[in-house]
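Each chain, letter by letter, is given below.
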Amino acid sequence: MNDPQIEATQDLKLDRYFAAVWRAKYLILLGALAAAAATFLLARNQPAQYNATANLEIGRVWREPLADYYLTAEMINSAGFLRELSEKSGIKANHLRQSVKAEAVEGGPRRERYPILVRIAASSGSAEEAAGIAQAVASEVIARHDKLFDEALAARVERQRGLERQLEELRAQASPAARELAMKLESELAELKSNISSPTITRKSRMMEERVASSAAAEPPVWRGVAVSALIAALVLAGSAALFDHLRPFRKGKAAGK
(Lines give C-alpha, C1' and ligand atoms only; values in the text may rest on other atoms or scores of the structure.)
Protein backbone atom coordinates (compact mmCIF):
# COMPACT_ATOMS: atom_id res chain seq x y z
CA MET A 1 0.00 0.00 0.00
CA ASN A 2 1.49 3.35 -1.04
CA ASP A 3 1.60 6.56 0.98
CA PRO A 4 -1.48 8.22 -0.57
CA GLN A 5 -3.55 5.18 0.33
CA ILE A 6 -2.22 5.20 3.92
CA GLU A 7 -3.03 8.90 4.27
CA ALA A 8 -6.51 8.31 2.86
CA THR A 9 -7.10 5.48 5.33
CA GLN A 10 -5.95 7.66 8.24
CA ASP A 11 -8.20 10.51 7.10
CA LEU A 12 -11.15 8.12 6.97
CA LYS A 13 -10.42 6.99 10.53
CA LEU A 14 -10.18 10.58 11.76
CA ASP A 15 -13.43 11.48 9.99
CA ARG A 16 -15.02 8.48 11.60
CA TYR A 17 -13.92 9.57 15.09
CA PHE A 18 -15.07 13.14 14.49
CA ALA A 19 -18.41 11.81 13.35
CA ALA A 20 -18.69 9.71 16.49
CA VAL A 21 -17.98 12.73 18.65
CA TRP A 22 -20.48 14.82 16.71
CA ARG A 23 -23.18 12.19 17.22
CA ALA A 24 -22.53 12.33 20.95
CA LYS A 25 -22.42 16.14 21.06
CA TYR A 26 -25.57 16.51 23.16
CA LEU A 27 -24.38 13.93 25.67
CA ILE A 28 -20.99 15.68 25.86
CA LEU A 29 -22.69 19.04 26.33
CA LEU A 30 -24.95 17.72 29.08
CA GLY A 31 -22.02 16.06 30.82
CA ALA A 32 -19.95 19.25 30.71
CA LEU A 33 -22.87 21.29 32.09
CA ALA A 34 -23.45 18.75 34.86
CA ALA A 35 -19.77 18.83 35.86
CA ALA A 36 -19.76 22.63 35.83
CA ALA A 37 -22.92 22.82 37.95
CA ALA A 38 -21.57 20.30 40.48
CA THR A 39 -18.28 22.21 40.79
CA PHE A 40 -20.13 25.50 41.24
CA LEU A 41 -22.37 24.12 43.99
CA LEU A 42 -19.46 22.49 45.82
CA ALA A 43 -17.44 25.72 45.70
CA ARG A 44 -20.35 27.77 47.00
CA ASN A 45 -21.04 25.35 49.85
CA GLN A 46 -17.44 25.35 51.09
CA PRO A 47 -17.18 27.04 54.51
CA ALA A 48 -15.22 30.27 54.75
CA GLN A 49 -11.60 29.89 55.81
CA TYR A 50 -9.74 32.43 57.94
CA ASN A 51 -6.03 32.87 58.51
CA ALA A 52 -4.26 34.25 61.58
CA THR A 53 -0.58 35.11 61.89
CA ALA A 54 1.57 35.61 64.98
CA ASN A 55 5.13 36.91 64.59
CA LEU A 56 7.44 35.63 67.31
CA GLU A 57 10.76 37.25 68.19
CA ILE A 58 13.14 34.89 69.96
CA GLY A 59 14.71 36.27 73.13
CA ARG A 60 18.38 36.43 73.99
CA VAL A 61 20.76 36.65 76.91
CA TRP A 62 23.84 38.75 76.26
CA ARG A 63 23.10 38.75 72.54
CA GLU A 64 22.97 34.95 72.48
CA PRO A 65 19.59 33.74 71.11
CA LEU A 66 17.66 31.39 73.36
CA ALA A 67 16.99 29.08 70.39
CA ASP A 68 17.65 28.82 66.67
CA TYR A 69 14.93 30.38 64.50
CA TYR A 70 14.89 27.57 61.96
CA LEU A 71 14.86 24.84 64.61
CA THR A 72 12.06 26.65 66.45
CA ALA A 73 9.94 26.66 63.27
CA GLU A 74 10.62 22.94 62.77
CA MET A 75 9.69 22.27 66.39
CA ILE A 76 6.35 24.05 65.97
CA ASN A 77 5.58 21.99 62.85
CA SER A 78 6.50 18.72 64.56
CA ALA A 79 3.85 16.21 65.60
CA GLY A 80 5.23 15.99 69.13
CA PHE A 81 4.89 19.71 69.81
CA LEU A 82 1.37 19.86 68.37
CA ARG A 83 0.31 16.78 70.32
CA GLU A 84 1.56 18.30 73.58
CA LEU A 85 -0.15 21.59 72.76
CA SER A 86 -3.37 19.67 72.05
CA GLU A 87 -3.25 18.12 75.52
CA LYS A 88 -2.75 21.50 77.16
CA SER A 89 -5.16 23.58 75.09
CA GLY A 90 -7.92 21.07 74.35
CA ILE A 91 -7.66 21.70 70.60
CA LYS A 92 -7.77 18.50 68.57
CA ALA A 93 -4.34 17.33 67.44
CA ASN A 94 -5.54 16.60 63.89
CA HIS A 95 -6.94 20.12 63.60
CA LEU A 96 -3.64 21.59 64.78
CA ARG A 97 -1.65 19.53 62.27
CA GLN A 98 -3.89 20.70 59.44
CA SER A 99 -4.05 24.37 60.42
CA VAL A 100 -0.65 25.29 61.92
CA LYS A 101 2.39 26.18 59.83
CA ALA A 102 5.53 27.96 61.07
CA GLU A 103 8.51 29.35 59.17
CA ALA A 104 11.57 31.45 59.87
CA VAL A 105 11.41 34.90 58.24
CA GLU A 106 14.69 36.37 57.05
CA GLY A 107 15.84 39.98 56.78
CA GLY A 108 18.93 42.00 56.00
CA PRO A 109 20.87 42.49 52.74
CA ARG A 110 20.28 40.02 49.94
CA ARG A 111 23.70 38.36 50.26
CA GLU A 112 23.77 38.38 54.05
CA ARG A 113 20.23 37.50 55.05
CA TYR A 114 19.56 36.24 58.56
CA PRO A 115 16.44 35.13 60.47
CA ILE A 116 14.63 37.89 62.34
CA LEU A 117 11.43 36.21 63.54
CA VAL A 118 9.32 33.06 63.43
CA ARG A 119 5.96 33.47 61.68
CA ILE A 120 3.20 31.23 63.01
CA ALA A 121 0.25 30.84 60.64
CA ALA A 122 -3.05 29.20 61.61
CA SER A 123 -6.22 28.64 59.61
CA SER A 124 -9.74 27.74 60.73
CA GLY A 125 -13.42 28.21 59.98
CA SER A 126 -13.67 31.39 62.07
CA ALA A 127 -11.41 34.37 62.64
CA GLU A 128 -11.62 33.96 66.42
CA GLU A 129 -10.62 30.30 66.32
CA ALA A 130 -7.73 30.93 63.93
CA ALA A 131 -6.45 33.75 66.13
CA GLY A 132 -6.84 31.55 69.22
CA ILE A 133 -4.78 28.75 67.67
CA ALA A 134 -1.99 31.12 66.62
CA GLN A 135 -2.03 32.67 70.11
CA ALA A 136 -1.90 29.23 71.77
CA VAL A 137 1.09 28.16 69.68
CA ALA A 138 2.97 31.38 70.36
CA SER A 139 2.20 31.23 74.09
CA GLU A 140 3.50 27.65 74.32
CA VAL A 141 6.76 28.56 72.57
CA ILE A 142 7.18 31.64 74.78
CA ALA A 143 6.58 29.54 77.92
CA ARG A 144 9.32 27.12 76.86
CA HIS A 145 11.69 29.96 76.05
CA ASP A 146 11.00 31.61 79.41
CA LYS A 147 12.50 28.55 81.11
CA LEU A 148 15.57 28.78 78.87
CA PHE A 149 15.82 32.49 79.62
CA ASP A 150 15.68 31.96 83.38
CA GLU A 151 18.35 29.26 83.23
CA ALA A 152 20.68 31.34 81.04
CA LEU A 153 20.18 34.48 83.10
CA ALA A 154 20.70 32.69 86.42
CA ALA A 155 24.40 32.16 85.62
CA ARG A 156 24.83 35.88 84.86
CA VAL A 157 23.03 36.90 88.05
CA GLU A 158 25.15 34.53 90.09
CA ARG A 159 28.27 36.07 88.54
CA GLN A 160 26.97 39.51 89.46
CA ARG A 161 26.46 38.50 93.09
CA GLY A 162 29.95 36.99 93.23
CA LEU A 163 31.49 40.23 91.96
CA GLU A 164 29.54 42.26 94.51
CA ARG A 165 30.84 40.04 97.33
CA GLN A 166 34.42 40.34 96.09
CA LEU A 167 34.09 44.14 95.91
CA GLU A 168 32.89 44.33 99.48
CA GLU A 169 35.92 42.34 100.60
CA LEU A 170 38.38 44.42 98.54
CA ARG A 171 36.92 47.73 99.71
CA ALA A 172 37.59 46.66 103.28
CA GLN A 173 41.29 46.42 102.41
CA ALA A 174 43.56 49.45 102.17
CA SER A 175 46.31 48.07 99.93
CA PRO A 176 46.96 49.59 96.46
CA ALA A 177 46.66 46.14 94.87
CA ALA A 178 43.20 45.71 96.41
CA ARG A 179 42.08 49.12 95.14
CA GLU A 180 43.38 48.36 91.61
CA LEU A 181 41.60 44.99 91.54
CA ALA A 182 38.44 46.62 92.90
CA MET A 183 38.44 49.11 90.01
CA LYS A 184 38.64 46.26 87.49
CA LEU A 185 35.83 44.40 89.21
CA GLU A 186 33.69 47.54 89.33
CA SER A 187 34.13 47.95 85.56
CA GLU A 188 33.20 44.31 84.95
CA LEU A 189 30.23 44.60 87.30
CA ALA A 190 28.97 47.74 85.57
CA GLU A 191 29.18 46.04 82.18
CA LEU A 192 27.43 42.95 83.54
CA LYS A 193 24.56 44.99 85.01
CA SER A 194 24.23 47.00 81.81
CA ASN A 195 24.01 43.90 79.62
CA ILE A 196 21.47 42.27 81.94
CA SER A 197 19.20 45.33 82.00
CA SER A 198 19.57 46.35 78.35
CA PRO A 199 16.44 45.38 76.33
CA THR A 200 18.49 45.07 73.14
CA ILE A 201 21.02 42.66 74.63
CA THR A 202 18.94 40.63 77.09
CA ARG A 203 15.23 40.08 76.57
CA LYS A 204 12.61 37.36 76.64
CA SER A 205 10.89 35.87 73.61
CA ARG A 206 7.79 37.84 72.68
CA MET A 207 5.17 38.33 70.02
CA MET A 208 5.81 41.31 67.80
CA GLU A 209 3.38 44.14 68.62
CA GLU A 210 1.77 41.79 71.16
CA ARG A 211 -1.07 40.88 68.80
CA VAL A 212 -2.27 38.27 66.34
CA ALA A 213 -3.26 39.49 62.88
CA SER A 214 -6.27 37.72 61.30
CA SER A 215 -7.81 37.89 57.84
CA ALA A 216 -10.07 35.93 55.51
CA ALA A 217 -8.28 33.45 53.31
CA ALA A 218 -8.03 34.37 49.66
CA GLU A 219 -10.23 32.09 47.56
CA PRO A 220 -9.47 31.22 43.93
CA PRO A 221 -12.07 32.41 41.40
CA VAL A 222 -15.05 30.05 41.31
CA TRP A 223 -15.49 30.32 37.56
CA ARG A 224 -11.99 29.06 36.91
CA GLY A 225 -12.76 25.77 38.62
CA VAL A 226 -16.13 25.56 36.86
CA ALA A 227 -14.52 26.05 33.45
CA VAL A 228 -11.79 23.49 34.15
CA SER A 229 -14.34 20.89 35.32
CA ALA A 230 -16.51 21.45 32.24
CA LEU A 231 -13.51 21.12 29.91
CA ILE A 232 -12.28 17.94 31.57
CA ALA A 233 -15.75 16.38 31.44
CA ALA A 234 -16.13 17.29 27.75
CA LEU A 235 -12.74 15.81 26.86
CA VAL A 236 -13.43 12.61 28.77
CA LEU A 237 -16.84 12.13 27.13
CA ALA A 238 -15.48 12.95 23.67
CA GLY A 239 -12.68 10.43 24.13
CA SER A 240 -15.16 7.85 25.38
CA ALA A 241 -17.35 8.37 22.31
CA ALA A 242 -14.37 7.94 19.96
CA LEU A 243 -13.17 4.87 21.84
CA PHE A 244 -16.62 3.31 21.78
CA ASP A 245 -16.83 3.83 18.00
CA HIS A 246 -13.34 2.39 17.60
CA LEU A 247 -14.27 -0.76 19.51
CA ARG A 248 -17.64 -1.23 17.77
CA PRO A 249 -16.35 -3.33 14.80
CA PHE A 250 -14.52 -5.57 17.23
CA ARG A 251 -17.66 -6.00 19.33
CA LYS A 252 -19.72 -6.77 16.18
CA GLY A 253 -17.17 -9.34 14.96
CA LYS A 254 -17.07 -10.99 18.34
CA ALA A 255 -20.89 -11.15 18.42
CA ALA A 256 -21.00 -12.62 14.90
CA GLY A 257 -18.45 -15.27 15.87
CA LYS A 258 -20.70 -16.44 18.62
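What you are looking at is a predicted structure, and each value in this text was computed from that prediction instead of being measured. Counting restarts for each chain: residues are numbered from 1 in the order of the written sequence. Local features in a predicted model are, by the rule used here, given only for residues with pLDDT of at least 70; side-chain atom pairs are given and counted only at 80 or more, and totals for whole chains, interfaces and linings are based on all residues. Each side-chain value is derived from all of the structure's non-hydrogen atoms; neither hydrogens nor water enter the calculation.

(A) Here's a closer look at unusual backbone geometry. For W62, which is not a glycine, the phi torsion comes out positive at approximately 55 degrees. Looking at the secondary structure, you find W62 in the loop between β2 (60-61) and β3 (64-65). Assessed through its relative accessible area of 25%, W62 is described here as partly exposed. Of note in the backbone geometry, R63 takes a positive phi value of approximately 70 degrees without being a glycine. With respect to the helices and strands, R63 occurs in the loop between β2 and β3. Residue class for R63 comes out exposed when judged on its relative accessible area of 54%. Strands are runs of DSSP state E lasting at least two residues, helices are runs of H or I lasting at least four, and both sets are numbered from the N terminus onward. Remark: exposure states derive from per-residue accessible area (1.4 Å probe, protein chains only) relative to the maximum for the residue type, with buried under 20%, exposed over 50%, and partly exposed in between.

(B) How the structure looks around helix α7 (residues 176-197). Every helix has an expected span of 1.5 Å times one less than the residues it contains. With 22 residues, α7 extends 32 Å from end C-alpha to end C-alpha; this agrees with the ideal 32 Å at 1.5 Å per step. Contacts made by the buried residues of α7 are with α6 (127-171). Two residues qualify as a contact provided that any one of their heavy atoms is within 4.5 Å of a heavy atom in the partner residue.

(C) A look at the packing of aromatic side chains. Each Phe, Tyr or Trp ring, with Trp reduced to its six-membered ring, pairs with another whose centre is within 6.5 Å; inter-plane angles below 30 degrees give stacked pairs, above 60 give edge-to-face pairs, and intermediate values give tilted ones. For the structure shown, the criterion picks out 0 aromatic pairs. Lysine NZ or arginine CZ positioned within 6 Å of the ring centre and within 35 degrees of the ring normal marks a charge as sitting over the ring. The ring of W62 has R156 sitting right over it, with the charged end atom 4.2 Å from the ring centre.

(D) Looking closely at a nonpolar patch on the surface. There is a patch of nonpolar side chains on the surface, built from L29, L30 and L33 and spanning about 320 Å² of accessible area. Within the secondary structure, L30 is located in helix α2 (residues 25-45). Using a relative accessible area of 58% as the deciding quantity, one classes L30 as exposed. Each patch is built from residues that are more than 30% exposed by relative accessible area and take part in no salt bridge. Like charges join if they lie within 9 Å; nonpolar side chains (Val, Leu, Ile, Met, Phe, Trp, Tyr) join within 5 Å. Exposure was quantified through the Shrake-Rupley algorithm and a 1.4 Å probe, taking into account, for residues, occlusion by the shown protein chains and nothing else. Throughout this description, the term salt bridge denotes a Lys or Arg side-chain nitrogen within 4 Å of a carboxyl oxygen of Asp or Glu.

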